[in-house]
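Inside the fold
In case you want the letters, here they are:
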Amino acid sequence: MILWRAAATAALLAACSAAAGSDARGCPPLALAVARTEPPPSQYAAFCGHHPDACRLGGAARLEWTPETRAALARVNREVNAQVRLLADQECLGLEDLWDFPREGVGDCEDFALEKRRRLVALGLPGASLTMAIVHHRERFFAHAVLLAETTHGTWVLDNLAPQLTCWNASPYRYERRERPDGLWDRFTRHQTAVR
């Protein structure tokens, strides 16, 4: 009986360990061919003019992938998705596209992403590892903004349309532009070719 329990416990621990590590092993860093480097989108530049501290991306550009890091990313993604109601700027503000933190519990995709970064930085994660990205849905063809977390085990997407963390190459998006820690943005080529 004791041997059976020990074997069962070992098998359970091994299964949990494999499950916890499987997502990390399967996610590479986002490395796409860059067409050019350019200034930030005008809407983001306006946001940074109003919230300069939110755009100073200091610290390490890559997070150490630990159970605590993964838990913090997953928790903040879930919490913001649950606490903010998705509403287009046109509907709630009468404006076409205003990047900001959520207001009165509502916001659109970039507002979700900016709020997630604000909360993660407040927890002590380095802003340089948490960058904005503009993407396009491969099947529904809409433009979208997400937060990318660069880690020692790949690039993870924090998305208001997904309750869980998603590896960038498992998400349904084509990546158009990504923020860099130095404040510039990389625009990727139309053909999403990974750079080795």
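Residues numbered from 1 in each chain as written. Predicted model: local features only at pLDDT ≥ 70, side-chain atom pairs only at ≥ 80, totals over all residues. Heavy atoms only, no water.

Within the chain, the regular secondary structure consists of five helices and nine strands. The order of helices and strands in the chain, counted from the N terminus, is α-β-α-α-β-α-β-α-β-β-β-β-β-β. For the chain, the proportion of its 196 residues judged to be buried stands at 44%. The contacts in the chain between residues at least 6 apart in sequence include a share of 61% that link residues at least 24 apart. A total of about 10600 Å² of accessible surface is found on the chain, and carbon and sulfur atoms cover 57% of it. (Helix = DSSP H or I, 4+ residues; strand = E, 2+ residues; numbered from the N terminus. Buried < 20%, exposed > 50% of the residue type's maximum accessible area, 1.4 Å probe, protein only. Contact = heavy atoms within 4.5 Å. Areas by Shrake-Rupley, 256 points an atom, 1.4 Å probe, with all protein chains shown as cover.)

To continue, consider the nonpolar core. Of all hydrophobic cores here, the largest spans 43 residues; its most connected members are Tyr44, Leu73, Leu120, Met132 and Tyr175. When contributions to this core are tallied by element, the ones reaching two or more residues are helix H2 (42-50), helix H3 (67-83), helix H5 (109-122), strand S4 (130-137), strand S5 (143-151), strand S6 (154-158), strand S8 (173-179) and strand S9 (185-188). Excluding its chain neighbours within four sequence positions, the residues that come into contact with leucine 73 are Leu63, Trp65, Leu120, Leu125, Leu130, Ala149, Leu158 and Leu165. (Core = buried A, V, L, I, M, F, W, Y, C linked by side-chain atoms within 4.5 Å.)

Right, let's get into the sheet that holds S8. Strand order across the open sheet formed by seven strands is S1-S9-S8-S4-S5-S6-S7, with antiparallel pairing between neighbours. Taken across any chain shown, the strands that pair with only one partner, and hence form the sheet edges, are strand S1 (34-38) and strand S7 (166-167). For S6 and S7, the ladder comprises two bridges, and the chain directions are antiparallel. Bridge pairing in S7 places tryptophan 156 opposite cysteine 167. (Pairing = 2+ DSSP bridges.)

This next bit is on the state of the cysteines. Structurally, a disulfide amounts to a covalent bond that connects the sulfur atoms of two cysteines. A full pass over the atoms with the stated rule returns two disulfides. Covalent S-S linkage joins cysteine 27 and cysteine 167, the inter-sulfur distance amounting to 2.2 Å. Every disulfide takes its handedness from the sign of the S-S torsion; for cysteine 27 and cysteine 167 that torsion is 85°, giving right-handed. Separated by 140 residues along the polypeptide, cysteine 27 in the loop between helix H1 (2-25) and S1 and cysteine 167 in strand S7 bring together distant segments of the chain. As far as burial versus exposure is concerned, cysteine 27 and cysteine 167 are alike and both buried. Between the sulfur atoms of cysteine 48 and its disulfide partner cysteine 55 the distance amounts to 2.0 Å. The sign of the S-S torsion, about -85°, decides the handedness of the disulfide formed by cysteine 48 and cysteine 55: left-handed. Cysteine 55 matches cysteine 48 in its accessibility class, with the two residues each being buried. If you count the bonded cysteines of the chain from the N-terminus, they pair up as 1-4, 2-3. (Disulfide = S-S within 2.5 Å.)

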